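# Examination of the molecular architecture
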Amino acid sequence: YSSIPEINYGFGAQITWKGFDLGVFFRGQANVSYSLGGTFFPFYQGVGQYNLFEEAMDRAQVATDEWGDEVLINPDAFYPRLSASRNTNNVQQSTRTIYDGSLIRLSDMELGYTFKSSALQKMGCSQARIYLIGTNLLLFSPWKMWDPESGSSDGSKYPLQKKVNVGVRLTF
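Our subject in this report is the structure included herewith. Note that this is a predicted model, so its numbers are computed, not measured.

Moving on to the environment of Thr114. Summarising the element assignment, Thr114 is placed in strand S7 (residues 103-115). Between the C-alpha atom of Thr114 and that of Asp21, which follows or precedes it by 93 residues, the distance is 8.2 Å. The contact partners of Thr114, leaving out residues within four places of it in the chain, are Gly19, Asp21, Gln127, Ala128 and Arg129.

Structure (structure tokens):
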């Protein structure tokens, strides 16, 4: 797929019950791919030169089994060939560096409770509502290293911020 999503979607729901209300809105994208690049490839200058994402430590290794034969551990590793010196093998353009950018995000959520009591009416207030609003609270994606929507090929861009607001609304 291209780096422009073929499918963008969103859906939401609201429910009210005994003074409580909950509203959620999810949005997502599908049929989209991104390519890794830039500083994501830490082994270009050799092993031990940079800090790494934990997932980047997924590498092929050769070990010796109990009969003295060499065996390849983790043959489907993300980094198939590491070197202690400069090596361009791990940064060649390849389908290996393309990842699925599909995602679904809990974009907005609002949870509230409305009070309607005689004590409020004595203060001249017909109702009071307390609420909690959240933005960008959850992200579900097959890509685990950084937010696919950041548009970054190496994880160097700042992700969308999570935001939580608490409030009170009084009706007189």
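Okay, back to it.
Right, let's talk about the nonpolar core for a bit. Core analysis: the largest hydrophobic core is formed by 7 residues, namely Val32, Tyr34, Leu36, Tyr99, Trp143, Met145 and Trp146. Those residues in contact with Tyr34 that lie beyond four places of it in its chain are Ser3, Gln29, Thr97, Ile98, Tyr99, Gly101 and Pro148.

This part takes up the packing of aromatic side chains. For the coordinates displayed, the defined rule picks out 7 aromatic pairs. Pairing Phe11 with Phe26 gives two aromatic rings, centres 5.3 Å apart and planes at 20 degrees, and the pair type is stacked. With Phe11 in strand S1 (residues 7-17) and Phe26 in strand S2 (residues 20-30), this pair connects stretches of sequence that are 15 residues apart. The exposure class of Phe11 is partly exposed, given its relative accessible area of 41%. Ring plane angle 55 degrees and centroid distance 4.6 Å describe the contact between Phe20 and Tyr113, whose orientation is recorded as tilted. One end of the pair, Phe20, is in strand S2; the other, Tyr113, is in strand S7, with 93 residues separating them in the sequence. The structure contains a cluster of three or more aromatic residues connected by ring pairs, namely Tyr34, Tyr99, Trp143 and Trp146.

Procedures and definitions
- Residues numbered from 1 in each chain as written.
- Predicted model: local features only at pLDDT ≥ 70, side-chain atom pairs only at ≥ 80, totals over all residues.
- Heavy atoms only, no water.
- Helix = DSSP H or I, 4+ residues; strand = E, 2+ residues; numbered from the N terminus.
- Contact = heavy atoms within 4.5 Å.
- Core = buried A, V, L, I, M, F, W, Y, C linked by side-chain atoms within 4.5 Å.
- Buried < 20%, exposed > 50% of the residue type's maximum accessible area, 1.4 Å probe, protein only.
- Phe/Tyr/Trp six-rings, centres within 6.5 Å; stacked < 30°, edge-to-face > 60°.

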